[in-house]
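Geometric and topological summary
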Amino acid sequence: MDRTYFQKGFGLRSEIRPQLLENYRSQIVDLMRANGFRLEAGGLTFLLAMEFGFCYGVERAVAYAYETVMKFPDRRIFLAGEIIHNRHVNDRLQRLGIRFLAKGENRYDAVGQDDVVLIPAFGIPVSHMELLMKKGCIIVDTTCGSVINVWKNVERYACAGVTSIIHGKFEHEETKATFSRTTLVPDAHYLIIRNKEEAVYLCGYITNGGDTSEFISRFQRAISKGFDPEKHLERIGLANQTTMLSSESLEIAELVRVAMAQRYGVEELSTRFYSFDTICSATQDRQDAVRELEKEKPDLMIVIGGYNSSNTNNLSKMASRFTPTYHIEQATSILSADAIRHKPAGCTEEIVTREWLPCQVKRIGITGGASTPNNQIGESIERIVNFRDRMNYATLLGVD
Ligand code: SF4
């Protein structure tokens, strides 16, 4: 084989389609789509968000993984981390024989020249890619085009001597890959801002100056080597992790724009401040759909998706502002009509809540993050209907 780098599929889509449908399709979800995103069952009305579940980037990455297994039946196939943040999907891939490389310095030690390495949808850092290229193994790159778009902005900033301010989480795989793009240009810098609170602190520094060592220690895990806030905040360009809360990203961009105008004057903005909205359209559409669901006044919301999935966490955060919300990892997290295992919005720990489905709940809103397959949504609905039916029956008999 001459080629060792692939990023455009192997033309096996129709061969893997039956497997994908079997593993991820849901008839309930298909039915709801056909019925205006609604379902009446078990005395309940289920309201499905109009945009939910697998985004185009995830669909492509998952399909590409299945194609890779078919294309290279005799080779070891490794995944450089989770392909996406969904346990159900990652379990399925493991069952196909794909091996996951553990996190850590030596993660690629096991990879040899004859192996295949799948790059996840959120990409990998520049140094990791260089290492894999050196090994000469086959690389199947599923990095999403929307992520590559962010990289291009960051690289453009770096080439122009502009510091990238990235709204994201420094520990997230996508953000790690994004800030690594600055290493392609000597003396390029970045700063990662997690939320509005950090943005306010940054803006205070831009406008009034401040204690440099305090700044560096506050952002020590979120800045480039040698970052000097006195020097590297003079010209800045904004970018986002693609899955952040879009309203927060826009607010942060505006705060920073105002701070730069106060410090340098409005007339200098065009050469000192750059901003491109790099939230991907799939993330935006899913967030908009939750806003639309609010108008339907659901009594509660179920948000399904990995606890480490940034976009799912943001959907949960949004929904919890207007109704009780249960962010569950998978359908089986719904334990009974009395108990649900979930992660409250803004928390890191999973908890079990009792009496989560009281009799007065009639309208349940439901959505899934960009890495949630339809069958998890369908199964969640099925479980709720079954549990509710049993509850109704028990109540009727006076045994509950
Ligand atoms: S959430 Fe957006 S950036 Fe991430 S994989 Fe999906 S489409 Fe691509």
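Note: the structure precedes this text.
Summary of the structure given here. All values reported here derive from a predicted model rather than from experimental measurement. Numbering of residues begins from 1 in every chain and follows the order in which that chain's sequence is written. At least 70 in pLDDT is required for a residue's local features to be given in this predicted model, at least 80 for side-chain atom pairs to be given and counted, and no such filter applies to totals for whole chains, interfaces and linings, which use all residues. To obtain the side-chain values, all non-hydrogen atoms of the structure were included, while hydrogens and water were left out.

Quick notes on the overall build of the protein
Counting from the N terminus, the helices are the DSSP runs of H or I reaching at least four residues and the strands are the DSSP runs of E reaching at least two. Scanning the protein from N- to C-terminus turns up 15 helices and 16 strands. Both definitions apply: the radius of gyration is a C-alpha atom measure, and the globule rule equals 2.2 Å times residues to the power 0.38. In terms of overall dimensions, the protein is globule-like: its C-alpha atoms have a radius of gyration of 23 Å, near the 21 Å expected for 400 residues. Its C-alpha atoms give the protein principal-axis dimensions of roughly 75 × 55 × 35 Å. Of all intrachain contacts in the protein linking residues separated by at least 6 positions in sequence, the fraction that spans at least 24 positions is 71%. Entry remark: accessible area of the protein is about 18,400 Å², with carbon and sulfur atoms responsible for 49%. Counting 48 positive and 50 negative side-chain charges, the protein places the averaged centre of each group 2 Å from the other. The contact criterion used is simple: two residues touch if any of their non-hydrogen atoms lie within 4.5 Å. Per-residue and other accessible areas follow the Shrake-Rupley method at a 1.4 Å probe size, with only the shown protein chains counted as cover for residues. In summary, the charge assignment counts Lys and Arg as positive and Asp and Glu as negative, without counting His or the chain termini. Charge positions are represented by NZ for Lys, CZ for Arg, CG for Asp and CD for Glu.

Some words on the side chain of His342
Looking at where His342 falls in the secondary structure, it is placed in strand β14 (residues 339-342). Exposure categories follow from relative accessible area, calculated using a 1.4 Å probe and restricted to protein chains: below 20% of the type maximum is buried, above 50% is exposed, and the middle band is partly exposed. Classification of His342 by relative accessible area gives buried; the value is 5%. By the criterion applied in these results, polar contacts are pairs of N or O atoms within 3.5 Å in which, for protein atoms, one can donate a hydrogen and the other can accept it, and in which residues neighboring in sequence qualify only through two side-chain atoms. A polar atom in the side chain of His342 sits 2.6 Å from the side chain of Thr353. His342 has contacts with Tyr307, Thr325, Tyr326, His327, Ile328, Glu349, Glu350, Ile351 and Thr353, leaving out every residue within four places of it along the chain.

Looking at the environment of Ile165
Considering the arrangement of structural elements, one finds Ile165 in strand β8 (residues 163-167). A relative accessible area of 1% places Ile165 in the buried class. Counting along the chain gives 88 residues from Ile165 to Ala253, while the straight-line C-alpha distance between them is 9.4 Å. Setting aside anything within four residues of it in sequence, one finds Ile165 in contact with Leu191, Ile193, Leu202, Leu233, Ile236, Gly237, Leu238 and Ala239.

Section: the packing of aromatic side chains
Each Phe, Tyr or Trp ring, with Trp reduced to its six-membered ring, pairs with another whose centre is within 6.5 Å; inter-plane angles below 30 degrees give stacked pairs, above 60 give edge-to-face pairs, and intermediate values give tilted ones. On inspection of all chains with the given rule, the structure shows 15 aromatic pairs. Seen in terms of ring centroids, Phe10 and Phe72 are 5.6 Å apart; in terms of plane orientation they differ by 85 degrees. Their pairing is edge-to-face. Here Phe10, found in the loop between β1 (5-6) and α1 (13-24), pairs with Phe72, found in the loop between α3 (56-71) and β4 (77-79); they are 62 residues apart in sequence, far enough to count as distant. A centroid spacing of 5.0 Å and a plane angle of 50 degrees characterise the contact between Phe215 and Phe219, whose relative ring orientation is tilted.

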